[in-house]
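# Architecture at a glance
Okay, here's what each chain looks like letter by letter:
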Amino acid sequence: MNDPASIIGNFERSHWSQVSEPALPWPVLEGPHETEVVIIGSGFTGLSTALHLLEAGKQVTVIEAQQPGFGASGRNNGQVIPTLTRLDPDMMISQYQGAGERLADLVRDSAGMLFDLVRKHGLQAEAEQSGWIQPAHTPGRIKLSEQRFKQWEKRGAPVRMLDRADVERLTGSPIWHGGFMNDSGGHINPLAFARSMAARVKQLGGVIFARSPAQTMQYQNGFWHVQTPKGSVKAHGLLLASHSYTDAFAPDLMPDLAREVVPVLSWQMATEPLGESQRAAIIPARQAVSDTHGDLYFMRYDARHQLVTGGALVIPYRGHERLRGRIGDRLMRIFPQLPSVRFTAVWNGYIGMTSDYAPRIHRLGPNGYGWVGCNGRGVALSTALGGEFAKALAGEPLDRLALPLSEIKPLPFHGVIRRLAPVMLLDYRRRDLTEIS
Ligand SMILES: Cc1cc2nc3c(=O)[nH]c(=O)nc-3n(C[C@H](O)[C@H](O)[C@H](O)COP(=O)(O)OP(=O)(O)OC[C@H]3O[C@@H](n4cnc5c(N)ncnc54)[C@H](O)[C@@H]3O)c2cc1C
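Quick summary incoming for the structure in this document. Predicted, not measured: the structure shown is a model, and the values here were computed from it.

Glancing now at a nonpolar patch on the surface. Together, F413, V416, I417, L420, V423 and L426 line one region of the surface with nonpolar side chains, adding up to about 570 Å² of accessible area. Sorting elements by how many residues they give to the nonpolar patch places helix α12 (residues 414–420) first, with 3 residues. Within the secondary structure layout, V423 lies in the loop between α12 and α13 (424–433). With a relative accessible area of 41%, V423 lands in the partly exposed category.

Here helix α3 (residues 44–55) contains 12 residues, and its C-alpha end-to-end distance of 16 Å stays within 8% of the 16 Å for a straight helix at 1.5 Å per residue. Of all 12 residues making up α3, 10 are buried, and the element is well covered by its neighbours. Where α3 ends, the next residue or the one after it, G57, has phi of about 85°, a positive value.

For the structure shown, the criterion picks out 6 aromatic pairs. Aromatic pair F44 and F193: ring centres 5.1 Å apart, planes at 55°, arrangement tilted. Residue F44 is found in helix α3, and its partner F193 is found in helix α7 (residues 190–203); the two are separated by 149 residues along the sequence. Neither F44 nor F193 differs from the other in exposure class; each is buried. Put simply, the rings of F11, F70 and F249 touch in pairs and so form one group of aromatic residues. The aromatic ring of F70 is capped on one face by R75, whose charged end is 4.8 Å from the ring centroid. Here the basic side chain of R86 rests over the ring of Y357, its NZ or CZ set 3.9 Å away from the ring centre.

On to the pairing of strand β11 (residues 231–240), then. Where burial is concerned, most of β11 is hidden: 7 out of the 10 residues are buried. Pairing geometry for strand β1 (residues 31–40) and β11, over 9 bridges, is parallel. Paired with G31 across the two strands is G231, which belongs to β11. Pairing analysis gives 4 bridges linking strand β10 (residues 223–227) to β11, with the strands arranged antiparallel. Looking at β11, one finds that W224 is bridged to A235. Where β10 hands over to β11, the hairpin turn is made up of 3 residues, counted between the paired strands. Two strands pair when backbone bridges link them, and β11 and strand β18 (residues 368–372) are joined in this way by 3 bridges, in the parallel orientation.

Within the largest apolar cluster, 63 residues are counted, with the highest numbers of intra-cluster contacts made by I39, I188 and F193. Looking at this core, the elements with two or more residues in it are β1, α3, β2 (60–63), α4 (89–121), α5 (141–154), α7, β18 and α11 (379–393). Take this core: its biggest share by element is 12 residues, from α4. Ignoring any residue separated from it by four or fewer positions in sequence, one finds I39 in contact with G46, T49, A50, L53, V60, T61, V62, I63, L239 and A241.

Definitions and cut-offs
- Residues numbered from 1 in each chain as written.
- Predicted model: local features only at pLDDT ≥ 70, side-chain atom pairs only at ≥ 80, totals over all residues.
- Heavy atoms only, no water.
- Patch = residues over 30% accessible without salt bridge, like charges linked within 9 Å, V, L, I, M, F, W, Y side chains within 5 Å.
- Areas by Shrake-Rupley, 256 points an atom, 1.4 Å probe, with all protein chains shown as cover.
- Salt bridge = Lys/Arg side-chain N within 4 Å of Asp/Glu carboxyl O.
- Helix = DSSP H or I, 4+ residues; strand = E, 2+ residues; numbered from the N terminus.
- Buried < 20%, exposed > 50% of the residue type's maximum accessible area, 1.4 Å probe, protein only.
- Expected span 1.5 Å × (residues − 1).
- Phe/Tyr/Trp six-rings, centres within 6.5 Å; stacked < 30°, edge-to-face > 60°.
- Lys NZ or Arg CZ within 6 Å of the ring centre and 35° of its normal.
- Pairing = 2+ DSSP bridges.
- Core = buried A, V, L, I, M, F, W, Y, C linked by side-chain atoms within 4.5 Å.
- Contact = heavy atoms within 4.5 Å.

In structure tokens form, the structure reads like this:
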């Protein structure tokens, strides 16, 4: 992962880099700088926190190693999904009690909060609140859909069960057996969302420095001190929002936090625009779709009617070429209406995975917070957590917030696990072929 050239190359070749408005010319941090809250990392977590703090009247400075949206936020599939990967409400509550109740409510409302933020600030995010569908890829997985549906329905989420015919009508695909849907979900152009949030932060008086990797951070004499190659920031509060990219530019920034997650490479691809008749047959109401496979099947339209999809590889060697054939064939199997598939872009990014698929949210010291472990469901979650971090940094009591705090626990043998992680895909594929009872 510590190969900035490949990380940068993949960012630049992404579909979102090709179709979004260019980044603003952000300055580099030079010399000493003082503020109320310093935020390290300008993905959805950092930018949403900054936006919420500015709304609360706080001074904010964001320090970014590259440019806003450079990490997972600017390269993801843009599916706005109001659930976590595995942790459903009952598990959140049994694991975190009161904070779990609040987290379940936050996740329930997270997609709505993102789309509300877009509307409130007039963000240019190609946002479509068209709903999110999770189809079941085997008959047995319908039980999983039912469990999830019941738990979210009990908490008041706008969910509904779908039978086989419903899913075929909504997606145009005969491969799924049913599933469930949440009407508050949808999709965005994630890089445009990040860049537009950054522009809004600036408009509201926030300060953003780019190409300024934080090298060290420490709490001393009542202040946080963050050092970059050419400057420093002193602040009362700090948020570390560098997520799966924490050790990409500064291995010594917070190694224990970086070792809590295994960064797993996820590949994304955009097809050529689909014609009108194909769009009328394939996901005609333009929901975001991601199914129950461990080796996930996922897709959504962008504003140019390109299907943005992707997949995973055990061995990344020549991934950009190998995936074109493999995922093209998969798409044609899922949607027999497609006689052929051509891709205009293939790129990748790192997802922060934890062993139990639960996020890790931490207090890093006096008025200092951070988190990792989105497990591939962080578009809505990181944006919503931004609101909670802002409240914490503004002094709101932690027992009112949806922040289930835990101690930092680095994974033993992290280096080995990280190298072996792609092989886990073989196990996912084996399980995908096995029916659950
Ligand atoms: C390929 C891919 C597809 C995904 N698809 C989806 C999806 O469809 N739906 C969904 O819900 N989730 C998805 N996710 C997850 C989602 O993108 C993330 O959870 C979310 O973007 C995390 O945002 P963040 O701000 O916490 O982290 P990031 O966006 O990763 O931001 C971290 C930032 O910190 C910066 N940084 C790192 N080190 C330093 C330093 N030393 N100093 C300063 N800055 C630093 C990085 O450059 C980066 O900009 C996907 C992730 C990937 C990688």
